[in-house]
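Below, each chain spelled out in residue letters.
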Amino acid sequence: MRMGLHACALGAAITVAAILVTTAAFAQSRKYDPGASDTEIRIGQTMPYSGPLSSVAVIGKTEAAYFRMINARGGVNGRKINLISYDDAATPPKTVEQVRKLVEGDEVLFTFQTLGNASNIAVQKYLNDRKIPQLFVAGRATRFEDPASFPWTMGMAPNLRTEIRVYARYILDNHPNAKIGLLYQNDEGGRDYVVGLKEGLGAKAAMLVAEAPYEPADPTVDSQVVLLKTAGVDLLINMAAPKFAAQLIRKAAELNWRPVHLLGVGASSIGAVLVPAGLDNSKGLISASSFKEVGDPTWADDEGMKKWVAFMDAYYPEGDRKSIFTTYAYSAAELLVQVLRQCGDDVSRANIMRQATNLRAVKLDLLLPGLSVSTSPADYRVVKEFRMMRFSGERWEPFGPMVTD
């Protein structure tokens, strides 16, 4: 009887020990940094929900809706995504304040899609010094794709120099004798446009006859439009933020000035830019994209487009379906979910960056056919190819071959 009791006790002890060993091994297989747990991945961003760029804040609203959809389906590897999104009114000092709050107060795992070049530049060193991923930023300065200087920062859309070099190639091929004028915001990102355009034009850089920078606080760009027209510009490159891009289109029409007009990707939203500018005024505008155009009959039966429509119907029915910002945000959120899936149970900041910089031919629902996302520790660029498109007065229509910088 006594031996039986000893045997039972020994068996129980072995069982408990086995459970403890298994639990310890399970715990060791999971790795977390602040903002991550068995049930949650807490991330943060700032958006201009107020101020002159508030129309672009649809990006944050779309991403919040996308994560609600993912969470309703069980999350990513069993963890729900908790997006904390604060208003910074597109003012860098406010961005700094809000990002510090996200990191030091909310203890987010990383930041995602904070909007604006100046805003992201203002917090880039702060985040990199603390080894906190600044992931898929909604800004397009060249420094967001510079792993040597800022290894914890990655962009999403093509950087500004890449985009404008594509336009330079289009100009040289189709308008080799043009007198070019450039409208851009007077900041580091805007100056990237100037450098990229001159690089793209190469020996024909003298085709650029007028530069017209503006300040974000300017009420209008009317004086810049007059300057460009007076300079004899017959090919205009409009790389302004959405509000100012719309002003330029409208003012040019008022002056009955009809240059060949190239519009930056970031201002090509039909709802946020072309409708306020006037659809008739916008007819003939030329831009570029890497994504399927919503409303284009070509994609009516496309599986990726059907997924986007179903998402909008169920999770963001009030969203603007003609806005390029809505489709862009959907794609950014979709790509982030792919990164998090690849992380498995190592939800550390280091592994977040490791997976983000090791994407292999990832297909996104709204990328044009033939395009995919591949990154490496030496190449942080997410989108590297474009298709030129022209506005018909109702929708953007693609033309020409795919262009790679």
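Please read all numbers here as calculations on a predicted model, not as lab measurements. (Residues numbered from 1 in each chain as written. Predicted model: local features only at pLDDT ≥ 70, side-chain atom pairs only at ≥ 80, totals over all residues. Heavy atoms only, no water.)

1. Observations concerning the overall build of the protein chain
Within the protein chain, the regular secondary structure consists of 13 helices and 14 strands. Classification of the 405 residues of the protein chain by burial places 52% in the buried group. Summarising the internal contacts of the protein chain: among those between residues at least 6 apart in sequence, 68% fall at separations of at least 24. For the protein chain, the separation between the mean place of its 45 positive charges and that of its 43 negative charges on side chains is 3 Å. (Helix = DSSP H or I, 4+ residues; strand = E, 2+ residues; numbered from the N terminus. Buried < 20%, exposed > 50% of the residue type's maximum accessible area, 1.4 Å probe, protein only. Contact = heavy atoms within 4.5 Å. Lys, Arg positive; Asp, Glu negative; His and termini not counted. Charge placed at Lys NZ, Arg CZ, Asp CG, Glu CD.)

2. Considerations on the pattern of salt bridges
Scanning all chains against the criterion turns up 21 salt bridges. The salt bridge partner of aspartate 302 is lysine 292, with a shortest N-O separation of 2.7 Å. Placement of aspartate 302 in the loop between strand 11 (286–289) and helix 11 (303–315) and of lysine 292 in the loop between strand 11 and helix 11 is noted, with a sequence separation of ten residues between them. Here aspartate 302 matches lysine 292 in class, with each residue buried. Taking the shortest distance from any N to any O, the salt bridge between lysine 307 and aspartate 365 comes out at 3.8 Å. (Salt bridge = Lys/Arg side-chain N within 4 Å of Asp/Glu carboxyl O.)

3. A closer look at the pairing of strand 10 (residues 260–263)
Of the strand pairs in this sheet, strand 9 (residues 235–238) and strand 10 are connected by four bridges, and their pairing is parallel. Looking across to strand 10, one finds that isoleucine 237 is bridged to leucine 262. Remark: the strand 9/helix 8 (residues 242–254)/strand 10 crossover connection has right-handed handedness. (Pairing = 2+ DSSP bridges. Right-handed = clockwise from strand over helix to strand, strands pointing away.)

4. Quick word on the environment of phenylalanine 399
When you line up the elements, phenylalanine 399 lands in strand 14 (residues 396–404). Separated by 366 residues in the primary sequence, phenylalanine 399 and aspartate 33 place their C-alpha atoms 47 Å from one another.

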